[in-house]
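Now for the letters of each chain:
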Amino acid sequence: MTTKMRLSNINIVNLLDTPGYEAIQTHFSKKSVVKNEMVCSPLDDTNSVFIVSSGRLRVFLSFDDKEFTLAFLEQGDIFSTHTRAFVQAMETSSIMTTGVKKFQKDVGEHPEFALIMVKVLGEVLQNSFNIIEGLVFMDSRMRLTEFLITAAEDKGIKDGEGVTIELGLNVEDISQLVGTSRQTISVMLNKLTRDGYLRRVKKGTYHILDLDLFKKSVNR
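This one's a predicted model, so the numbers in the text were calculated from it and none came from an experiment.

1. Quick look at the packing of helix H5 (residues 140-155) against helix H6 (residues 171-178)
So, point 1. Across the interface, H5 lies against H6 with an axial gap of 10 Å and an inter-helix angle of 110°. As judged from the angle between their axes, H5 and H6 are roughly perpendicular. Contact with H5, carried on its side by Ser-140, Arg-143, Leu-144 and Phe-147, involves Ile-174, Leu-177 and Val-178 of H6 and no other residues of that element.
So, point 2. Partitioning the contact of H5 with H6 into residue classes produces five nonpolar, one polar and one charged.

2. Things to note about the nonpolar core
So, point 1. Formed by 26 residues in total, the largest nonpolar core has its most connected members in Leu-144, Phe-147, Leu-148, Leu-167, Ile-174, Ile-185 and Leu-189.
So, point 2. Among the elements that make up this core, the one with the highest residue count is H5 (six residues).
So, point 3. Leu-148 has contacts with Ile-165, Leu-167, Leu-189, Leu-192, Leu-198, Ile-208 and Phe-214, leaving out every residue within four places of it along the chain.
So, point 4. Counting 18 residues, the second-largest nonpolar core is a separate cluster that includes Leu-15, Leu-16, Phe-28 and Ile-51.

3. A look at helix H7 (residues 182-194)
So, point 1. Between its first and last C-alpha atoms H7 spans 18 Å; for 13 residues at 1.5 Å apiece the expected length is 18 Å, and the two agree.
So, point 2. Buried residues of H7: Ile-185, Met-188, Leu-189 and Leu-192, and no others. Along the axis of H7, the buried positions cluster into a sector of 100°, meaning they face one direction only. Those residues of H7 that are exposed and angled more than 90 degrees off the buried face are Gln-183 and Arg-194.
So, point 3. In this structure, the buried residues of H7 make contact with H5, H6, strand S11 (198-202), strand S12 (205-208) and helix H8 (211-216).
So, point 4. Downstream of H7 by one or two residues, Gly-196 has phi in the positive range, about 85°.

4. With respect to the sheet that holds strand S7 (residues 86-89)
So, point 1. Taken in spatial order, the four strands line up as S2-S7-S4-S5 in an open sheet, and their pairing is antiparallel. Two strands lie at the open edges of the sheet, namely strand S2 (38-40) and strand S5 (66-73), each paired on one side alone. Ignoring which end each strand starts from, the neighbouring axes of this sheet average 35° apart.
So, point 2. Its contacts with the sheet place H6 against strand S4 (57-63) and S5, and it is angled at close to 95° to S5.

5. Quick look at the packing of aromatic side chains
So, point 1. With the rule as written, the count across this model stands at six aromatic pairs.
So, point 2. Geometrically, the ring pair formed by Phe-60 and Phe-86 is stacked, given 5.3 Å between the ring centres and 15° between the ring planes. Placement of Phe-60 in strand S4 and of Phe-86 in strand S7 is noted, with a sequence separation of 26 residues between them. One exposure class covers both Phe-60 and Phe-86, and it is buried.
So, point 3. One aromatic cluster is present, formed by Tyr-21, Phe-28, Phe-103 and Phe-113 through successive ring pairs.
So, point 4. Above the plane of the ring of Phe-72 lies Arg-56, whose end atom (NZ or CZ) is 5.4 Å from the centre.

6. Digging into the layout of surface pockets
So, point 1. Approximately 550 Å³ is the volume found for the largest pocket.
So, point 2. Along its surface, the largest pocket is lined by 22 residues, and Phe-79, Ser-80, Thr-83, Leu-121 and Val-124 are the ones closest to its centre.
So, point 3. Where the lining of the largest pocket is concerned, the elements lending two or more residues are S5, strand S6 (78-80), helix H3 (100-109) and helix H4 (111-137).
So, point 4. For the lining of the largest pocket, a count of residues per class yields 16 nonpolar, six polar and no charged.
So, point 5. The calculated volume of the second largest pocket comes to roughly 200 Å³.
So, point 6. For the second largest pocket, the full set of lining residues is Leu-169, Asn-170, Val-171, Ser-186, Leu-189, Asn-190, Thr-193, Leu-198, Arg-200, Lys-203, Gly-204 and Tyr-206.
So, point 7. Mapped by element, the contributors of at least two residues to the lining of the second largest pocket are H7 and S11.
So, point 8. Element by element, the count of residues in the lining of the second largest pocket is highest for H7, at four residues.
So, point 9. When the residues that make up the lining of the second largest pocket are grouped by side-chain class, the tally is five nonpolar, five polar and two charged.

How each quantity is defined
- Residues numbered from 1 in each chain as written.
- Predicted model: local features only at pLDDT ≥ 70, side-chain atom pairs only at ≥ 80, totals over all residues.
- Heavy atoms only, no water.
- Axes fitted to C-alpha atoms, helices over the stretch in contact; angles between N-to-C directions.
- Helix = DSSP H or I, 4+ residues; strand = E, 2+ residues; numbered from the N terminus.
- Parallel < 35°, antiparallel > 145°, perpendicular 65-115°, else oblique.
- Contact = heavy atoms within 4.5 Å.
- Nonpolar A, V, L, I, M, F, W, Y, C, P; charged D, E, K, R; others polar.
- Core = buried A, V, L, I, M, F, W, Y, C linked by side-chain atoms within 4.5 Å.
- Buried < 20%, exposed > 50% of the residue type's maximum accessible area, 1.4 Å probe, protein only.
- Expected span 1.5 Å × (residues − 1).
- Arc of directions from axis to C-beta.
- Pairing = 2+ DSSP bridges.
- Phe/Tyr/Trp six-rings, centres within 6.5 Å; stacked < 30°, edge-to-face > 60°.
- Lys NZ or Arg CZ within 6 Å of the ring centre and 35° of its normal.
- 1 Å grid on protein atoms, 1.4 Å probe; cavity = no way out; pocket = protein on both sides within 12 Å on 5 of 7 lines; lining within 4 Å.
- Points joined across faces, edges and corners; volume = space filled by probe spheres on them.

Shown next, in the form of C-alpha cells:
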C-alpha cells in the first residue's frame, strides 16, 4: 500500500495556463468555498467537474458516525460531483467548475488533453486500489509507516539521511486517511518517536531521522 495524500500528481491549472487551452478555461466558472463548507455530497443532483485553484479539499466516505478519507485535493487537482464521496473544504479555497457535458466536449476536441485525462484517471484508480490493498492486507502500523514513507518521497525535504515532511495534517486527519482511530495513530506516532525513527518538528510536520532505516522497519 502506498496511500497518497493526493489523487494525482498532474497539475491541471498549470496545464490550462499553457498556450492552446485558453478556450477550455473560458468554460469554467470560479467559486470560493470557506473552511468546512461542503463542495459536494452523494445527495447532490449536480453533474459537474471542478478543478482546485487554491486551498485544500478533503475527499471522504461517511457511514453513520464514521468517516474515511480517500485523499486531499490541492491546487491543480480535478474531481467530479457525481461520485459517492463527500468533498469538504479544509480551508478557504477556490475552485473552477464546469458541466460534465461541456467538459466531455472539450476533451473530445483536444486529443492531447484527453490523453492527460486518461493518465489522471489511471492515477486515481491506482491510488484507489492501493487503499483497498492496504486495508485488506496491512495492519494499521504498516499503513501509517507506508503513508509517511510515500509522503516523504512525494514532498519531503531531505537533510542528510533524514527527511522533513510538512503534512499540514493533524492526528485526526492522519487517522482518517490511514483508516484507524485517532488514539491508535497517536500511540503509533509516539512509539515511532521513542524507537528513534521519527521526530515531531511542529504541528503537522515530522522529521524521519533515517529514511532507509525507516523503510526497513515496515517489514519488521
